[in-house]
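# What the coordinates show
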Amino acid sequence: MFRPASSKVNFPQVEENILSLWKEKNVFERSVDSRQGCPRFVLYEGPPTANGSPGIHHVLSRVFKDVIPRYKVMKGYYSPRIAGWDTHGLPIELEVERELGFSSKAQIEEYGVDRFNAQCRESVLGYLREWEAMTERIGFWIDLKHPYITMDNSYIETCWWAIKQMWDRGLVYQGYKVTPHCPRCGTSLSSHEVALGYQDNVEDPSVYIKFKLTEESQRRLNLGKPAYFLAWTTTPWTLPGNTALAVAPDADYAVVEVENEYLILASALLKQAGLEGYEVVERMKGNDLVGLHYEPLYKIPIGYSKGDKLAYRVIEGDFVSMDEGTGIVHIAPAYGEIDFEVGEKEGLPLVHAIDLSGRVEDIPIGLTPRRRKEIFEGLAVVMSPVVTLPLTPGRGAFVKDADPLILDDLKSRGLLFRSERIRHTYPFCWRCEAPLLYYAKQTWYIRTTAVKESLIAGNNEISWYPEYIKYGRFGDWLENNVDWAFSRERYWGTPLNIWCCESCGGYDCVGSVEDLKEKAGFTGLKEPFDLHRPYVDELTFDCRQCGARMRRVPEVIDCWFDSGAMPLAQWHYPFENESLFEDGRFPADYICEAVDQTRGWFYSLHAISTLLFNRPCFKNVICLGHILDAKGEKMSKAKGNVIEPWAIINKYGADALRWYCLTATPPGNVRRFSEDTVAEVTRRFLLTLWNVYSFFVTYANIDHFTPDAEVTLSYQSELDKWIISELNQLIVDVDSALEAYNPTEAGRRIESFVNDLSNWYVRRSRRRFWKSESDADKLSAYTTLYECLVTLSKLLAPFIPFLAEELYQNLVLGVFSEAPDSVHLADFPVADVTRIDKQLGADTKLVMKISSLGRAARSRAGIKVRQPLAEVIVKVGSSRDWQSLQCLMPQVLDELNVKGLEFVDNMVELDKPGYVVSSEGGYAVAVPAEISPELAREGMAREIVHRLQTMRRSAGFDIADYIATYYQGGDYVRQVIKDFADYIKQETLSRQLGEGIPEEGVFSESYKLGGYDILLGVKRLG
Ligand SMILES: [Zn+2]
Ligand SMILES: [Zn+2]
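Remember, it's a predicted structure, so these values are computed and weren't measured experimentally. (Residues numbered from 1 in each chain as written. Chains lettered and ligands numbered in written order. Predicted model: local features only at pLDDT ≥ 70, side-chain atom pairs only at ≥ 80, totals over all residues. Heavy atoms only, no water.)

## Regarding the overall build of the chain
Along the backbone of the chain there are 33 helices and 37 strands. What you see for the chain is a C-alpha radius of gyration of 39 Å, clearly larger than the 31 Å of a compact globule of 1022 residues, by over 25%. By principal-axis analysis of the C-alpha atoms, the chain measures approximately 120 × 75 × 55 Å. Burial status across the chain gives 56% buried among its 1022 residues. Residue pairs at least 24 apart in sequence account for 78% of intrachain contacts in the chain once pairs closer than 6 positions are excluded. Of the roughly 43200 Å² of accessible surface on the chain, a fraction of 48% belongs to carbon and sulfur atoms. Here the chain contributes 115 positive and 142 negative side-chain charges, whose respective centroids are spaced 2 Å apart. (Helix = DSSP H or I, 4+ residues; strand = E, 2+ residues; numbered from the N terminus. Rg over C-alpha atoms; globule rule 2.2 N^0.38 Å. Buried < 20%, exposed > 50% of the residue type's maximum accessible area, 1.4 Å probe, protein only. Contact = heavy atoms within 4.5 Å. Areas by Shrake-Rupley, 256 points an atom, 1.4 Å probe, with all protein chains shown as cover. Lys, Arg positive; Asp, Glu negative; His and termini not counted. Charge placed at Lys NZ, Arg CZ, Asp CG, Glu CD.)

Printed below as a string of structure tokens:
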């Protein structure tokens, strides 16, 4: 006997029981350990940050991370999976800053870096329990007991080792460069971080500014009135930093007279600047303008060196566009990559008019590149300006607030030509959403461009799912590689392991704790040993060159470096686990994250591995699309459209959510998520499967069916042969789809099989299970359905591990006690290809098609499916089709509910009076609209049986209960029941069928059938 399986199932409850079973029997650990010695299958877990609740997108990636290793284990691989937690970086710091109510770095310093970092350490695992609970509840099997944690000393030490390798090969350098800088976080961002934070439709000023030519330059152009260069910008705050204007040397420029002054700009952009139709008094080439001077917008003190050309002049630039602006580009070397480059080349002074927090400086100064070098080398000192008044408007204001103040000031001085607002795309800090400023400063870089070719070559070896990411998003990213700006002027992170001499300025990169301790004059070590700031900053040693103190540089490193180093750092390589390259722990067979990681973790993994070992560290990657709400909008707390995974799981269960994630849409697509989609999956798939299972258990128990492993059965009916053929084909398909990292395709194949199993095999076999004799045909039906369900439980185990286990526990362990005690300890099914009959599959598909056309024609004729018909006319595509239907004729007749078929070759022959046709692509079925009285009576009898069966269920009778049936009706009804009494009794398990007013205790209902009133009553017999 099987444990009864009610058709009313509570999936979350079933799953909770399975979770206890797994825990009690240690199933996960055993599923891993039992495969020791087999080939390895390695999953790298991309470490999440546990300082907030896991969201639905985390569930999505965790489900995809889970399904492949589960499958591999069933296929005989040894696959320990290790959890990891990303614990460093700005996200954590920001959270703590919020808690403490801080808004600047100064407040952190004042508070104390030790206390601040202690709070980061605590906060970072604040939601660890919830993450663990979620991970367990959704059945993501990963070792949570021995996770790698990026803030551990051992983890940090491996990062140090990796940086040291790069340092020794000259791949780490400090550059004075313009980097994307977050003014709020006070730190540079790497280009991959910038890529995460672009926002569209950002409103900014769009202004045209007049730069007045010096009298000397005006004379050189022979202009008799005041003349101005017209330049365009969307960042007015950079204007005080202007020290040059650039033109395209070969382009045409025009001098236009406007209100008694002259404006100079590119001819091609006159219209765009609103100057079309004004009189052009002079035309010239850009080259003619080069070398002219103009008056600075603000009189900022400039430190020149001997031989420097004067600033505020026109230079040539091949970057000057004729698509927007005026063809004259405002150059502020401190605030743009191109500006900086051209400034270095042309010897332009660099003016920092704002500080690193994005606020306007009181008294900015400018220094030419040569002057900066002299100061750096101690050959000159920074001048102290004699002015004491603010030189620029908006002192102390944040750049975006300074914009209008600067514009007002320029307007009052007649230098603002035109001012509008535009909407464009602008980068913001991906964490705090402050607008990024391109800012020239010192930053540490990893020279990834030195290995660009290897990065690209390595990508050729990686299999991407979906494939278009490989040479699309990821490949493009590699093609456009720039050096990795990897230092952060922050507190809670892996400290950059570079020490600098206080006296001679020499650098030393330290590769391990041991290295450090062996340095001459090493001091500052305290217990407990912590490699974080501020403790690591206390560690000093003697300079090799001059003997003075070496102190660590203040920066920490990009937390993406941490996570990208996980293939090594999780093992504390090379200090421990030196064999990981030989024993299969490196590289990973499989990783999976969302598409934004092409510039995040996927990239940092690939970059570090290529830099260190010149090879990729992962072989296969499933790249997931983003998850949006039902309307296609991004989920955010602000919008209030965030869907909590727990709410879904508690209502529908984890399997429903998993099945949705795996099958609703191919992994790379953007998906719209709502509760309804999970409800739909439950109804369409899980309940269909459950109902078949429940049906089997119920009838098998009534008939005392016991599967016998020993008996090799010869299948009795075409139907059995067909579903077994389909089942074996399914094994082949699912296996190959999972092998190709396509769980979506695999899942959809299973779903379509379950549909056929339920809507065709079980529906068509109902009478075989129902009839009272226990003959060979019945045994064959039971054995067939049993085999289907047991195989399904194994095929489904990687996808919906709970329901698969429920089926397995009851169907397999309930009978065979020596079987593996969990489906997850079982082997993946192997197809018996000799049982695949492709022709039978095609034949049956055709029968399905014809019956569906038959139903459509009936519905158009207004004839119920239960109404038998004498004959229908069928048109098929070919003579092969005709043979197919001949082979399966009993099924065809039964499905169509007809006594006979007439075949025709031509669509025209279907066009008979009194027939209604339904057709599709060369196939058609025509049904007669008129029904003979005799058939109408048979239809009525079937209708009565159907009502009685529904009433049995409504009355709560068991399927096997015998009943007494009563009826009341007119002459017609009485005659029908008399004529079909045997049939009705047999179908409804009625021992008696009597006319009369139903007595007390009878379940009764009245109907109108075919225009006749009828009252029916059923009563259970004891
Ligand atoms: Zn920020
Ligand atoms: Zn020194």
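## A word on the coordination of the zinc ion (ligand 1)
Protein-derived coordination of the zinc ion (ligand 1) comes from Cys182 (SG), Cys185 (SG), Cys429 (SG) and Cys432 (SG), at a distance range of 2.2 to 2.4 Å. The sequence pattern formed by the donor residues of the zinc ion (ligand 1) is C-x2-C-x243-C-x2-C. By relative accessible area, which is 1% here, cysteine 429 ends up buried. (Donors = N, O, S within 2.8 Å, 3.2 Å for Na, K, Ca; no water.)

## Section: the side chain of serine 765
Among the secondary structure elements, serine 765 is positioned in helix H25 (residues 743-770). At 2.7 Å, the side chain of serine 765 forms a polar contact with the backbone oxygen of tyrosine 761. The contacts of serine 765, once residues within four sequence positions are left out, are Leu719 and Trp760. (Polar contact = N/O pair within 3.5 Å; in protein donor to acceptor, adjacent residues only side chain to side chain.)

## Some words on the sheet that holds strand E35 (residues 990-995)
Backbone-to-backbone hydrogen bonds pair the strands of a sheet. The strands run either parallel or antiparallel. Pairing within the open sheet is mixed, and its 4 strands lie in the order E35-E34-E37-E36. Two strands in the sheet have a free side with no partner beyond their single neighbour: E35 and strand E36 (1003-1009). Sheet twist, expressed as the mean angle between neighbouring strand axes with direction ignored, is 20 degrees. Two strands pair when backbone bridges link them, and strand E34 (residues 963-969) and E35 are joined in this way by 5 bridges, in the parallel orientation. By the bridge assignment, tyrosine 967 is partnered in E35 with glutamate 995. Against the sheet, helix H33 (residues 981-988) makes contact with E34 and E35, and its axis sits at roughly 135 degrees relative to E35, the strand it touches most. (Pairing = 2+ DSSP bridges. Axes fitted to C-alpha atoms, helices over the stretch in contact; angles between N-to-C directions.)

## Overview of the sheet that holds strand E18 (residues 463-465)
A sheet is described by the order of its strands in space; here 3 strands give the open sequence E18-E27-E26, paired in parallel fashion. Each edge of the sheet is formed by a strand with only one pairing partner; in this case those strands are E18 and strand E26 (588-594). Geometrically, the sheet is characterised by an average inter-axis angle of 15 degrees between neighbouring strands, direction not taken into account.

## Some remarks on the coordination of the zinc ion (ligand 2)
Any two of four tetrahedral donors ideally make an angle of 109.5 degrees at the metal, while pairs among six octahedral donors ideally make 90 or 180 degrees. The coordination sphere of the zinc ion (ligand 2), as far as protein atoms go, consists of Cys501 (SG), Cys504 (SG), Cys543 (SG) and Cys546 (SG), spread over 2.2 to 2.3 Å. Geometry at the zinc ion (ligand 2) is tetrahedral, judged from the 4 donor atoms that bind it and their angles of 101 to 121 degrees at the metal. Linear spacing of the donor residues for the zinc ion (ligand 2) on their chain is C-x2-C-x38-C-x2-C. Here cysteine 546 lies in the loop between strand E23 (541-542) and strand E24 (549-552) and cysteine 501 lies in strand E21 (residues 498-501), a separation of 45 residues in the sequence. With a relative accessible area of 39%, cysteine 546 lands in the partly exposed category. (Tetrahedral: all angles 85-135°; square planar, octahedral: opposite > 155°, others 65-115°.)

## Quick word on the layout of surface pockets
Roughly 2100 Å³ of internal volume is contained in the second largest pocket. Lining the second largest pocket are 44 residues, with Phe695, Tyr699, Arg766, Gln949 and Arg953 positioned closest to its centre. Looking at the lining of the second largest pocket, the elements that each hand over two or more residues are helix H23 (675-702), H25, helix H30 (889-896), helix H31 (933-954) and H33. The biggest single contributor to the lining of the second largest pocket is H23, with 10 residues. Classifying every residue of the lining of the second largest pocket gives 16 nonpolar, 14 polar and 14 charged. (1 Å grid on protein atoms, 1.4 Å probe; cavity = no way out; pocket = protein on both sides within 12 Å on 5 of 7 lines; lining within 4 Å. Points joined across faces, edges and corners; volume = space filled by probe spheres on them. Nonpolar A, V, L, I, M, F, W, Y, C, P; charged D, E, K, R; others polar.)

## Focus on the packing of aromatic side chains
Enumeration according to the criterion identifies 55 aromatic pairs in this entry. Judged by centre distance (5.9 Å) and plane angle (90 degrees), the rings of phenylalanine 11 and tryptophan 690 are edge-to-face. Here phenylalanine 11, found in helix H1 (residues 11-25), pairs with tryptophan 690, found in helix H23; they are 679 residues apart in sequence, far enough to count as distant. Of the two residues, phenylalanine 11 and tryptophan 690, both sit in the buried class. Aromatic pair tryptophan 237 and tyrosine 335: ring centres 5.1 Å apart, planes at 65 degrees, arrangement edge-to-face. One end of the pair, tryptophan 237, is in the loop between strand E6 (227-233) and strand E7 (244-247); the other, tyrosine 335, is in the loop between strand E13 (328-331) and helix H12 (337-346), and 98 residues separate them in sequence. Judged by relative accessible area, which is 4%, tryptophan 237 ranks as buried. Relative accessible area serves as the criterion here: at 8%, tyrosine 335 is assigned to the buried category. Taken together, the ring pairs in this structure connect Phe2, Phe695, Phe696, Tyr699, Phe705, Phe769, Trp770, Tyr782 and Tyr786 into an aromatic cluster. Of note, arginine 585 hangs over the ring of tryptophan 571, and the distance from its end group to the ring centre comes to 4.5 Å. (Phe/Tyr/Trp six-rings, centres within 6.5 Å; stacked < 30°, edge-to-face > 60°. Lys NZ or Arg CZ within 6 Å of the ring centre and 35° of its normal.)

## Quick word on unusual backbone geometry
In this chain, tyrosine 465 is followed by proline 466 through a cis amide linkage whose omega measures 0 degrees. By secondary structure assignment, the location of proline 466 is in the loop between E18 and helix H16 (468-479). For the peptide bond that leads from phenylalanine 586 to proline 587, omega is -5 degrees, which places it in the cis range.

## A short note on the nonpolar core
Counting residues in each nonpolar core, the largest one holds 150 residues, and the members touching the most others are Phe696 and Ile750. With 13 residues, the single largest contributor to this core is H23. Residues contacting phenylalanine 696, with those up to four places away along its chain left out, are Phe2, Phe705, Tyr782, Leu785, Tyr786, Leu789 and Leu811. Membership of the second largest hydrophobic core comes to 77 residues, among which are Leu213, Ala248, Leu292 and Leu416. (Core = buried A, V, L, I, M, F, W, Y, C linked by side-chain atoms within 4.5 Å.)

## Points about the environment of glutamate 773
Within the fold, glutamate 773 resides in the loop between H25 and helix H26 (776-796). The spacing of glutamate 773 and tryptophan 760 is 13 residues in sequence and 23 Å in space, taken between C-alpha atoms.

## Observations concerning the environment of alanine 955
Along the chain, alanine 955 falls in the loop between H31 and E34. With 48 residues separating them in the primary sequence, alanine 955 and phenylalanine 1003 have C-alpha atoms 6.4 Å apart.

## Quick look at empty space enclosed by the protein
Counted by the stated rule, this structure contains 4 cavities of 30 Å³ or more. Volume-wise, the largest cavity comes out at about 100 Å³. Along its surface, the largest cavity is lined by 14 residues, and Gly89, Leu90, Arg488, Asp558 and Cys559 are the ones closest to its centre. If you list the elements that add at least two residues to the lining of the largest cavity, you get helix H4 (90-100) and strand E25 (556-557). The element that contributes the greatest number of residues to the lining of the largest cavity is H4, accounting for 3 residues. Taken as a whole, the second largest cavity holds about 50 Å³ of empty space.

## Some words on the packing of helix H21 (residues 645-652) against H23
At a minimum axis separation of 11 Å, H21 and H23 run at an interaxial angle of 25 degrees. On the basis of the axis angle, H21 is roughly parallel to H23. In the crossing of H21 with H23, the sense of the turn from one axis to the other is right-handed. Counted together, Ile648, Lys651 and Tyr652 of H21 and Glu675, Val678, Ala679 and Thr682 of H23 form the full contact between these two elements. (Parallel < 35°, antiparallel > 145°, perpendicular 65-115°, else oblique. Left-handed = near helix turned anticlockwise from the far one by under 90°.)

## Description of the pattern of salt bridges
Applying the stated rule across the entire model yields 73 salt bridges. One salt bridge connects aspartate 362 with arginine 395, and the closest N-O pair in it is separated by 3.1 Å. Of this pair, aspartate 362 sits in the loop between strand E14 (350-351) and strand E15 (366-367) while arginine 395 sits in the loop between helix H13 (369-376) and helix H14 (399-412), placing them 33 residues apart in sequence. With a relative accessible area of 35%, aspartate 362 lands in the partly exposed category. Exposure remark for arginine 395: the relative accessible area of 45% places this residue in the partly exposed category. Its salt-bridge partner being lysine 441, residue glutamate 489 comes within 2.9 Å of it at the nearest N-O pair. Placement of the pair is glutamate 489 in the loop between strand E20 (487-488) and E21 and lysine 441 in strand E17 (residues 437-446), with a sequence separation of 48 residues. The residues glutamate 489 and lysine 441 share a single accessibility class, namely buried. The network of salt bridges with shared partners includes Arg763, Arg764, Arg855, Asp894 and Glu895. (Salt bridge = Lys/Arg side-chain N within 4 Å of Asp/Glu carboxyl O.)

## Quick notes on the packing of helix H22 (residues 654-663) against helix H27 (residues 801-813)
Viewed as axis vectors pointing N to C, H22 and H27 meet at an angle of 120 degrees, and their least axial separation amounts to 7 Å. The pairing of H22 with H27 is recorded here as oblique in orientation. Residue-level inspection shows Ala654, Asp655 and Arg658 of H22 in contact with H27, the latter providing Pro801, Phe802 and Leu803. Considered class by class, the residues forming the contact of H22 with H27 number 4 nonpolar, no polar and 2 charged.

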